[in-house]
Amino acid sequence: MTASQHTIAGTVLTMPVEVRKATQHMAMFSVDADAAQAMIDYSGFQVCRYRPNRAVAVLMLMRYIDTDLGEYYEYGTNVMVNPPGSEAKGLRALQSAGAFVHHLPVDQPFTLEAGCKIWGYPKVMADFTIRDGHTYSFDVTIDGQFAVGMDFKPGLPMPSAFTSKPQEQPTYSYRDGVRRRTLGTMTMTDARYRPGGATVRLGEHPYAKELASLGFPKRAMVSGSAGNVAMSFADAQEV
C-alpha cells in the first residue's frame, strides 16, 4: 500500500509522521464527570466515568525537539473518553478509553497547520515561558492573555523496562463537524513519576475559565516527566 501524503506550507509529509525526540511533562487529575461532559459535549464523545461521576483529565506539555513537523512546544488539555458506541464505566473502562484533545496551543505555524489539516486537532498559536530548575514550570499565553501554567516537582525514576516498550495510544478530535480517531505509538525513557507533584495556575483567558469549571486548580492524582520520547502518528480516521 502506498503511504499517504499531505502538503503543508509547501512541504510534503509522508505518513506516518515521526517524532524522533521529545520531552514530556504530564499530570492526571480526577474531575467532575458531568462538568467534563459539558465542556466537550460539542464533540459527541462521552467521557469515561472511571468512578461514579468522576472522569480523568490529563494536562500535558510537550517539547518536540526532532520531528517531521519541526521543533516546537505544545500544551494539551485532554479528557479521557469512551470509544464511540461504548458506555463502559469503572476502572477497567480506562483501558479502552482514548484522550479527547480539547485544547492544543502550539508556538509554531507549521505544526499548527499540519495538526488542524491532517488530524483535526484544535491547535492555536500561543507563547510559552519555560522555567527549568529543580521545579519545572511553564506558562501558556494566548493573544496576550495568560491562560494556564503548571509547576512540577521531580518524580522518582522509573525503570526503562516499564516504559520503553511501544504503546499504542488513540487520541480523538473534533473539527468542522467531523469526529476523528488518530492512532499513535509512543516509547519513552528517562521517565519519572510521583503521586501528586503538579500544581495548576489559571489566568483570565477563556481556556482558564473552562479548566476552572472542572474544579481547577486541584491536586493531581499522579504526575510524571520523560526526558526521551519517540512517537509516530498515523492518518486520522473518521469515527
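Bear in mind that the values here come from a model prediction, so they are computed numbers and not experimental data. (Residues numbered from 1 in each chain as written. Predicted model: local features only at pLDDT ≥ 70, side-chain atom pairs only at ≥ 80, totals over all residues. Heavy atoms only, no water.)

1. A few points about the packing of aromatic side chains
Here is the rule: Geometry of aromatic contacts follows a simple scheme: Phe, Tyr and Trp rings, the Trp one being its six-membered ring, pair when their centres are within 6.5 Å, and the pair is stacked under 30 degrees between planes, edge-to-face over 60, tilted otherwise. Two conditions define a charge sitting above a ring: the NZ of Lys or the CZ of Arg must be within 6 Å of the ring centre, and it must be within 35 degrees of the ring normal.
Across all of its chains, the model carries eleven aromatic pairs by this definition. A network of ring pairs unites the aromatic residues Tyr42, Phe45, Phe100, Tyr172 and Tyr174 as a single cluster. Sitting above the plane of the Phe45 ring, Arg179 keeps its charged end 4.9 Å from the centroid.

2. What about the pattern of salt bridges?
Just so we agree on the cut-off: Criterion for a salt bridge: a side-chain nitrogen of Lys or Arg within 4 Å of a carboxyl oxygen of Asp or Glu.
Tallying each qualifying case throughout the model produces ten salt bridges. Connected via shared salt-bridge partners are Arg131, Asp139, Asp151 and Arg201.

3. Some words on helix H3 (residues 206-213)
To keep things clear, this is the line we draw: The classification of residues rests on relative accessible area computed with a 1.4 Å probe and restricted to protein chains. Under 20% of the type maximum is buried, over 50% is exposed, and intermediate values are partly exposed. Labels follow the DSSP assignment, with helices taken as runs of H or I lasting at least four residues and strands as runs of E lasting at least two, numbered in each case from the N terminus. An arc is given here, and it is the one of the directions from the helix axis to the C-beta atoms.
Taken residue by residue, H3 has Tyr207, Ala208 and Leu211 as its buried positions. Taken end-on, H3 shows its buried residues confined to a sector of 100 degrees, consistent with a single buried face.

4. Describing the sheet that holds strand E8 (residues 127-132)
Inclusion rule: Strand pairing is defined by DSSP finding a minimum of two bridges between the two strands. To obtain each axis, a line is fitted to C-alpha atoms, and for helices this fit is confined to the stretch in contact; angles are then taken between N-to-C directions over 0 to 180 degrees. Contacts are assigned to residue pairs that have any heavy atoms within 4.5 Å of one another.
If you walk across this open sheet you meet the four strands as E8-E9-E10-E14, and the pairing is antiparallel. Where the open sheet ends on each side, the last strands, each with one partner, are E8 and strand E14 (198-202). When strand polarity is set aside, the average angle formed by the axes of neighbouring strands in this sheet is 10 degrees. With seven bridges joining them, strand E9 (residues 136-142) and strand E10 (residues 145-152) adopt antiparallel strand pairing. Bridge pairing links Tyr136 to Phe152 in E10. Lying on the sheet, H3 is in contact with E9, E10 and E14; it crosses E10 at an angle near 50 degrees.

5. Concerning helix H1 (residues 33-40)
An α-helix turns once per 3.6 residues; consequently, residues spaced three or four apart project the same way. So the rule is basically this: Polar contact criterion, stated in full: a pair of N or O atoms within 3.5 Å, where within protein one must be able to donate a hydrogen and the other to accept it, and residues adjacent in sequence count only if both atoms are side-chain atoms.
With six of its eight residues buried, H1 lies for the most part within the structure. Restricting attention to buried positions, one finds in H1 the residues Ala33, Ala35, Ala36, Gln37, Met39 and Ile40. Those residues of H1 that are buried lie in contact with strand E3 (17-32), strand E4 (54-67), strand E5 (72-81), strand E6 (98-106) and H3. The backbone nitrogen of Asp34 has a side-chain oxygen 3.0 Å away, supplied by the residue at the start of H1, namely Asp32.

6. Comments concerning the environment of Asp190
With respect to the helices and strands, Asp190 occurs in strand E13 (residues 178-195). Separated by 127 residues in the primary sequence, Asp190 and Arg63 have C-alpha atoms spaced 15 Å apart. Leave out the neighbours within four places in its chain, and Asp190 touches Ser225, Ala226, Gly227 and Asn228.

7. Some thoughts on the layout of surface pockets
Put simply, the test is: A 1.4 Å probe that fits but cannot get out identifies a cavity on a 1 Å grid over protein atoms alone, an open set with protein on both sides within 12 Å along at least five of seven lines counts as a pocket, and a residue lines either if it has an atom within 4 Å of a point. Grid points are joined across faces, edges and corners, and a volume is the space filled by probe spheres set on the points. Throughout this entry, Asp, Glu, Lys and Arg are counted as charged residues, while Ala, Val, Leu, Ile, Met, Phe, Trp, Tyr, Cys and Pro are counted as nonpolar. The remaining residues, Gly among them, count as polar.
Taken as a whole, the largest pocket spans an internal volume of roughly 1000 Å³. Every residue lining the largest pocket is counted, 44 residues in all, and those nearest its centre are Gln24, Met60, Ala99, Gln169 and Met186. Listing elements by their share of the lining of the largest pocket, those giving two or more residues are E3, E4, E5, E6, strand E12 (167-175), E13 and strand E15 (222-233). Here the lining of the largest pocket takes six residues from E5, the largest share from any one element. Split by residue class, the lining of the largest pocket holds 29 nonpolar, twelve polar and three charged. In this model, the second largest pocket occupies a volume close to 310 Å³. Counting residues per element, the ones that place at least two in the lining of the second largest pocket are E3, E8, E13 and E15. In terms of residue count, E15 provides more of the lining of the second largest pocket than any other element does, five residues in total. Split by residue class, the lining of the second largest pocket holds six nonpolar, nine polar and five charged.

8. Observations concerning the side chain of Thr171
By secondary structure assignment, the location of Thr171 is in strand E12. Beyond its immediate sequence surroundings of up to four residues, Thr171 is in contact with Ala99, Val101, Tyr121, Arg180, Arg181 and Thr182.

9. Some thoughts on the pairing of strand E2 (residues 11-14)
As judged from the four bridges shared by strand E1 (residues 5-8) and E2, these two strands associate in the antiparallel manner. Bridged to Thr7 within E2 is Val12. Adjacent in sequence and paired antiparallel, E1 and E2 are bridged by two residues, among which Ala9 carries a positive phi angle near 50 degrees.

What is shown is where atoms sit, not what they do.
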